[in-house]
Amino acid sequence: PWFLCVSDKGSPGTLLAAFVALHGAALRASCVPARYWESLCRKLRGEVFDAGDYFGIMQVEEVDEEEEGDEAMEDELKKKPNPGNEPCFKVIVTNENGLQASNPDSIFLIDHAWTYRIEHARQHLLQVPGLLHRMTNLMGIDFHGEIPDEDSVEQVLQEMWKYNQTYQLSQGTAEEKVPVWYIMDEFGSRIQHSDQPSFATAPLFYMPQQIAYTILWPLRDLETGDEVTRDYAYGETDRLIRKCVLLPWVPNEVLDVNCFTPEPSDEHYQAILAENKEKLPIAINPAAYDKDKVFKVFTDIQQVLNSLTHPRFVFTDNEAEADILYNFSHFKDYRKLSEERPEVMLNQFPCENLLTVKDCLASISRRAGGLDGPRWLPRTFNLQTELPQFICYFQQRERRGEDNHWICKPWNLARSLDTHITNSLNNIIRHRESSPKVVCKYIENPVLFHREDVGMVKFDIRYIVLLRLVKPLKLYVYDVFWLRFSNRAFSLDDLDDYEKHFTVMNYAPGVILKQVHCEEFVPQFEKQYPEHLWTTVQANIFKAFAELFQVASAKPAPLGICDYPSSRAIYAIDLMLKWDTSGDGKRIMQPQILEVNFNPDCDRACKYHPTFFNDVFSTLFLDEADNCHVTRIV
Ligand SMILES: Nc1ncnc2c1ncn2[C@@H]1O[C@H](COP(=O)(O)OP(=O)(O)OP(=O)(O)O)[C@@H](O)[C@H]1O
């Protein structure tokens, strides 16, 4: 284990070899030149912070006279963070011998002043002794009192997006993989941006001590007085993207782009298919079965094993003899299956990730038309590929005085992990540096539900849809739906208050989960909103589902869900209702699809409706939908 290898008793060669074995991959990925590794290893082991021997922090209050006539220099200063008359710091080389890039010791450790996950930021500032004071100083915010005050906390929470850096652990639980944010110490935080930086930085997680540092090394030789700068856009080469990424520090730019987001190219979908390592099936004919055939089901889903009692299905442990594979994980090699066992049926479709992954859902939904996308989907941008369009849209809304609350969601984490609501453009732009995310318009005017214990709260609705066939489309909805409620009355503030803005309560331990069955919900809802019959609202919801599946199957795989005749699936669709105005000026409840889940947890379904899986299997695998509590919508 590493703690033996790095014991101080080892020879320098052994120590370096152990260090490289642990950190070589990270160093290579960050392009840290190998000539510095030995010195880095030594400085990390001995916690040597010797930057003070080479650098100093300088306060720049105003433009020097000498520089005033020099246009290039003025331009350069305007581009600096903290523009205007605010004091601006810069870091310069103070060592009288300058600094040589070829010197193997020219690598430095920067400490981190504050490390946190976003959801704990406010709490840290309020509770960690001295933290708020240090942060206000570092960010140049006035802070007089001894006791943390809400105003200063709020200012730090805004301003910190100019200072935040991020890394992510590559191993561990989903919770542990949620990005970590940190702020470098005063020295690191005052290194300014330059498009031609003199230094590079990279975070490094030093495993023996389980501590993250930022390491700093020169990109060229520097003389005494030269400025230490780094590229805040991390080497991004596209001019437009650089402009976007640098906006938190160069705020007065208005982007000259169109905010229309067309559907991505065919190649984009091809690339997703390749990345998923999914192999498409060959064309097959639908299998014909005896009308009394008893199907052998192979499944690893406990809820199916516990509740499927329909006489036409039996379980088998032997995958090779199964007629139906009903598995929790994603199936990849459809090609082989279609060639070797085309009659075997499955609980999933090739390319269904187009529905279940958030950025794909947004892309395919654009086929339904509309400049802002379909009415049933909150306007969504892929932060990786559509940042300029998003910024342009945000700035347009700002100019028009329209609401600008947004919710950033990772593509691939469930349970609302790493999901943040904000109205700060800087915050959203910087979020792009952590895990891949979409940004969706936050529903600022949701239809609320009156909870006697707390008042008017947000709620979301989950429907289970049953996809029997893609070509021609055959789609059912399960007649029972599920509701989830927030725990605190809704208002458009306290954006980091989970129990006010989220409706997913069953994940946090100790948090109350309000349950209302749909049969009780409908009369209560109609009593609260006498002008809105549930049947009308639900008809609109079903129309949205139908349109979604029509667009999802409108193009051949991998641009659409593949029409594999042996596939069937159930999906859970989560949605909210928002207030909107119809074409004839009437106030309507507009469904807003939030996400589509593959293999949803059907625990509640089975508990309250013991026939649930019998109904699902009968509808999907026997084509017998009568008395199965399902409604065909396409
Ligand atoms: N556009 C939005 N406007 C308002 N609230 C939203 C929006 N999107 C999501 N939410 C809230 O955040 C919650 C989680 O969102 P979403 O379902 O998209 O994420 P998730 O992490 O995949 O969650 P889960 O898989 O647990 O349903 C929703 O239940 C809803 O309360």
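Residues numbered from 1 in each chain as written. Predicted model: local features only at pLDDT ≥ 70, side-chain atom pairs only at ≥ 80, totals over all residues. Heavy atoms only, no water.

For the protein chain, an unreviewed UniProt entry supplies the name Tubulin tyrosine ligase like 12 and the organism Coturnix japonica.

Visitor: Mind showing me how you'd approach the overall build of the protein chain here?
Guide: From N to C terminus, the protein chain includes 22 helices and 26 strands. The C-alpha radius of gyration of the protein chain comes to 29 Å, within 12% of the 26 Å expected for a compact globule of 634 residues. For the protein chain, the spread of C-alpha atoms along the three principal axes comes to 90 × 60 × 45 Å. Out of the 634 residues belonging to the protein chain, those deemed buried represent 52%. For the protein chain, contacts bridging at least 24 residues in sequence account for 69% of all contacts bridging at least 6. In the form shown here, the protein chain has an accessible surface area of approximately 29,800 Å², with 50% of it arising from carbon and sulfur atoms. (Helix = DSSP H or I, 4+ residues; strand = E, 2+ residues; numbered from the N terminus. Rg over C-alpha atoms; globule rule 2.2 N^0.38 Å. Buried < 20%, exposed > 50% of the residue type's maximum accessible area, 1.4 Å probe, protein only. Contact = heavy atoms within 4.5 Å. Areas by Shrake-Rupley, 256 points an atom, 1.4 Å probe, with all protein chains shown as cover.)

Visitor: Can you help me understand the nonpolar core in this one?
Guide: It is characteristic of soluble globular proteins that their nonpolar side chains tend to be buried jointly. Residues Tyr326 and Leu577 are the most contacted members of the largest nonpolar core, which totals 90 residues. Broken down by element, the residue count for this core peaks at 9 residues, all from helix α20 (residues 534-552). Those residues within four positions of Leu577 in sequence are excluded, and the remaining contacts are Pro446, Val447, Phe459, Ile461, Phe525, Trp534, Val537, Ile541, Met589, Gln590 and Pro591. In terms of nonpolar packing, the next biggest core, distinct from the first, is built from 25 residues, Leu247, Leu255, Cys259 and Leu387 among them. (Core = buried A, V, L, I, M, F, W, Y, C linked by side-chain atoms within 4.5 Å.)

Visitor: Can you walk me through the site of the ligand in this structure?
Guide: Residues in contact with the ligand amount to 24 residues; listed here are only the nearest, Lys409, Ser416, Asp460, Thr503 and Glu595. With respect to the ligand, the side chain of Lys358 contributes an N or O atom lying 2.9 Å from an oxygen atom. Between the ligand and Lys458 there is a distance of 2.9 Å, counted from a nitrogen atom to a side-chain nitrogen or oxygen. Coverage of the ligand by the protein chains reaches 99% of its 610 Å² of free accessible surface. Mapped onto the shell around the ligand, the elements with two or more residues apiece are β16 (406-410), β24 (569-581) and β25 (587-598). The dominant element in the shell around the ligand, judged by the number of residues it contributes, is β25, at 3 residues. Within the shell around the ligand, the residues separate by chemical class into 11 nonpolar, 4 polar and 9 charged. (Near = heavy atom within 4 Å. Polar contact = N/O pair within 3.5 Å; in protein donor to acceptor, adjacent residues only side chain to side chain. Nonpolar A, V, L, I, M, F, W, Y, C, P; charged D, E, K, R; others polar.)

Visitor: What is the right way to look at helix α11 (residues 266-276) in this model?
Guide: Along an α-helix, residues three or four apart share an orientation, since each turn contains 3.6 residues. Among all positions of α11, only Tyr269, Ile272 and Leu273 are buried. In an axial view of α11, the angular spread of the buried residues amounts to 100°, which keeps them on one side of the axis. For α11, exposure combined with an orientation more than 90 degrees from the buried face picks out Glu267, Ala274 and Glu275. Structurally, α11 contributes buried residues whose contacts are with α14 (353-356) and α15 (358-365). Looking one or two residues past α11, Lys277 carries a phi angle of roughly 55°, positive in sign. (Arc of directions from axis to C-beta.)

Visitor: Can you help me understand α20 in this one?
Guide: Over its 19 residues, α20 extends 27 Å from the first C-alpha to the last, a length consistent with the 27 Å expected when each residue adds 1.5 Å. Those residues of α20 that fall on the buried side of the exposure criterion are Trp534, Val537, Gln538, Ile541, Phe542, Ala544, Phe545, Ala546, Leu548, Phe549, Val551 and Ala552. (Expected span 1.5 Å × (residues − 1).)

Visitor: Sorry, what's going on with the sheet that holds strand β18 (residues 437-441) here?
Guide: Two modes of strand pairing occur in sheets, parallel and antiparallel, and in both the strands are linked by backbone hydrogen bonds. Here 4 strands make up an open sheet; going across it, the order is β15-β18-β16-β17 and the pairing antiparallel. One side of each edge strand has no neighbouring strand; the edge strands of this open sheet are β15 (380-382) and β17 (420-422). If you compare each strand with its neighbour and ignore which way they point, the axes differ by 25° on average. In terms of strand pairing, β15 meets β18 through 3 bridges, oriented antiparallel. From the neighbouring strand, Phe381 faces β18, where its bridge partner is Val439. (Pairing = 2+ DSSP bridges. Axes fitted to C-alpha atoms, helices over the stretch in contact; angles between N-to-C directions.)

Visitor: What exactly am I supposed to notice about the side chain of Asp497 here?
Guide: By the secondary structure assignment, Asp497 is in the loop between β23 (482-485) and α18 (498-501). At a separation of 3.1 Å, a polar atom in the side chain of Asp497 contacts the main-chain amide nitrogen of Glu499.

Visitor: Honestly, the layout of surface pockets in this entry has me stumped. Any pointers?
Guide: Over the atoms rolls a probe the size of a water molecule, and in doing so it shows where empty space is left. Empty space within the second largest pocket amounts to approximately 1,100 Å³. Ile118, Glu119, Thr419, His420 and Asp496 are the residues nearest the centre of the second largest pocket, which is lined by 37 residues in total. Counting only elements with at least two residues in the lining of the second largest pocket, the list comes to α6 (121-127), α8 (150-159), β17, α17 (425-431) and α18. Taken together, the residues of the lining of the second largest pocket sort by class into 14 nonpolar, 10 polar and 13 charged. (1 Å grid on protein atoms, 1.4 Å probe; cavity = no way out; pocket = protein on both sides within 12 Å on 5 of 7 lines; lining within 4 Å. Points joined across faces, edges and corners; volume = space filled by probe spheres on them.)

Visitor: Mind showing me how you'd approach the sheet that holds strand β10 (residues 227-230) here?
Guide: Strand order in this open sheet of 4 strands is β1-β2-β10-β7, and the pairing throughout is mixed. With one partner strand each, in any of the chains shown, β1 (55-60) and β7 (192-193) form the two edges of the open sheet. For β1 and strand β2 (residues 88-93), the ladder comprises 6 bridges, and the chain directions are antiparallel. Bridging from a neighbouring strand, Phe55 pairs with Val93 of β2.

Visitor: Is there a simple way to think about the pattern of salt bridges in this case?
Guide: Where side chains of opposite charge bring their charged atoms close, a pairing between them can arise. Applying the stated criterion across every chain, the model contains 34 salt bridges. Across the salt bridge formed by Glu402 and Arg397, the nearest N and O atoms sit 3.7 Å from each other. For Arg397, a relative accessible area of 11% gives the class buried. Glu433 serves as the salt-bridge partner of Arg430, at 2.9 Å between the closest nitrogen and oxygen. (Salt bridge = Lys/Arg side-chain N within 4 Å of Asp/Glu carboxyl O.)

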